[in-house]
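# Summary of the model geometry
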Amino acid sequence: MRIKTLALIAAFLTLVPATGAEGKKKHKPKSPPRMQLISKSLHGGFPNGPSHNGVFSQDRQLARLVAFDSDASNIVKGDGNGATDVFLVRRAGRFSDRGEPWKRGKATLVSRARDGGPGNGRSYQPDLDGEQSNRPRCIAFI
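Let me begin by describing the structure that accompanies this report. All residue numbers here refer to positions counted from 1 along the written sequence of the relevant chain. For this predicted model, a pLDDT threshold of at least 70 governs which residues receive local features, and a threshold of 80 or more governs which side-chain atom pairs are given and counted, while totals over whole chains, interfaces and linings are taken from all residues. By convention in this description, side-chain values take in all heavy atoms of the structure and omit both hydrogens and water.

## Comments concerning the overall build of the chain
Helix and strand counts for the chain come out as one helix and six strands. By residue count, 28% of the 142 residues in the chain fall in the buried class. Taking contacts inside the chain between residues at least 6 apart in sequence as the whole, the part at least 24 apart equals 49%. Here, Shrake-Rupley sampling with a 1.4 Å probe gives the accessible areas, and only protein chains in the shown set may cover a residue. By element, 55% of the accessible surface of the chain is carried by carbon and sulfur atoms, the whole surface being about 10,500 Å². Each helix corresponds to a stretch of at least 4 residues labelled H or I by DSSP, and each strand to a stretch of at least 2 residues labelled E; elements are numbered beginning at the N terminus. Here's how the labels work: a residue is buried when its accessible area is under 20% of the maximum for its type, exposed when over 50%, partly exposed in between, all with a 1.4 Å probe on protein chains only. Contact between two residues is taken to exist if any of their heavy atoms lie within 4.5 Å; hydrogens are not considered.

If you want it as structure tokens, here you go:
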């Protein structure tokens, strides 16, 4: 009985807007949080395979880089090895640590062979360096 009562109180509280002493809302967000697809095909839609292990660089609130691995072959031109590859996406546009929305830049294939073409095997589980006081400079993967 006590659990049902607590659940009803929680449901009621989520339905009632927060108000100040004058009955006005305390805070109204400017816009809802935005979600966006980082692992896009060359044409801007969903890629033709799954993507996994996404990581953001930890350079303060800037998050300049995103890396992920993907089985898709249509994220960048020339990815014809039929294996999982690692990709890097740079944050585009002007941004600061004030919380501007993240804008996706161009994706780059980073798991390449010495001749610049796609690797001859599977590459996965990327990680990015970067921290509070240092910009990211390196990407590592298996």
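Still more ground to cover, so stick around.
## So, the nonpolar core
Of all hydrophobic cores here, the largest spans 12 residues; its members are Ile38, Ala63, Val66, Phe68, Ala72, Ile75, Val76, Phe87, Val89, Trp102, Ala107 and Leu109. Among the elements of the structure, strand S2 (65–70), strand S3 (85–91) and strand S4 (104–109) are those that each provide at least two residues to this core. If near-sequence neighbours (up to four positions away) are discounted, Val66 is found in contact with Ile38, Val55, Phe56, Phe87, Leu88, Val89, Trp102 and Leu128. Among buried residues, those of type Ala, Val, Leu, Ile, Met, Phe, Trp, Tyr and Cys that are joined through side-chain atoms within 4.5 Å constitute a nonpolar core.

## Re the packing of aromatic side chains
Only rings of Phe, Tyr and Trp enter the pairing, Trp through its six-membered ring, and a pair is recorded when the two centres are within 6.5 Å. The plane angle decides the type: under 30 degrees is stacked, over 60 is edge-to-face, the rest tilted. For the structure on display, the rule yields two aromatic pairs. A centroid spacing of 5.9 Å and a plane angle of 90 degrees characterise the contact between Phe56 and Trp102, whose relative ring orientation is edge-to-face. Remark: Trp102 occurs in the loop between S3 and S4 and Phe56 occurs in strand S1 (residues 51–56); sequence separation between them is 46 residues. Seen from their ring centres, Phe68 and Phe87 are 5.7 Å apart, and the 25 degrees between their planes marks the pair as stacked. With a gap of 19 residues between them, Phe68 in strand S2 and Phe87 in strand S3 connect regions that are remote in the sequence. Of the two residues, Phe68 and Phe87, both sit in the buried class. The positively charged end of Arg122 is found above the aromatic ring belonging to Tyr124, 4.0 Å away from the centroid. Two conditions define a charge located above a ring, namely a distance within 6 Å from the ring centre to NZ of Lys or CZ of Arg, and an angle within 35 degrees of the ring normal.

## A word on the side chain of Ser111
Checked against the element boundaries, Ser111 lands in the loop between S4 and strand S5 (127–128). For Ser111, a relative accessible area of 3% corresponds to the buried category. Any N or O atom pair separated by 3.5 Å or less is treated as a polar contact, with the protein-specific requirement of one donor-capable and one acceptor-capable atom, and with residues adjacent in sequence counted only for side-chain atom pairs. One polar contact links the side chain of Ser111 to the main-chain amide nitrogen of Val86, over a distance of 2.9 Å. Beyond its immediate chain neighbours, meaning those up to four positions away, Ser111 contacts Asp85, Val86, Pro118, Gly119, Ser123 and Phe141.

## Description of the environment of Gly119
Within the secondary structure layout, Gly119 lies in the loop between S4 and S5. Judged by relative accessible area, Gly119 falls into the buried class, the value being 13%. Each C-alpha atom, one on Gly119 and one on Leu109, is 9.8 Å from the other, the two residues being 10 residues apart in sequence. Once residues within four sequence positions are removed from consideration, Gly119 is found in contact with Asn81, Ser111, Arg112 and Ala113.

## Some words on the sheet that holds S2
Note: two strands are recorded as paired if DSSP finds a minimum of 2 bridges between them. Read from one edge to the other, the open sheet built from four strands follows the order S1-S2-S3-S4, with strand pairing classed as antiparallel. Of all strands in the sheet, those with a lone pairing partner are S1 and S4, marking the two edges. Adjacent strand axes in the sheet meet at a mean angle of 25 degrees when their direction is disregarded. Where S2 lies against S3, six bridges are found, and the strand directions are antiparallel. Between the N-to-C directions of two axes lies an angle of 0 to 180 degrees, each axis being a line fitted to C-alpha atoms and, for a helix, fitted only over the stretch in contact.

## Some remarks on the pairing of S2
On a regular strand, one side chain projects to one face of the sheet and the next to the other, so that they alternate. Taking burial as the measure, the six residues of S2 include six buried ones, the bulk of the element. Here S2 shows no split at all, with Leu65, Ala67 and Asp69 on one side and Val66, Phe68 and Ser70 on the other all buried.

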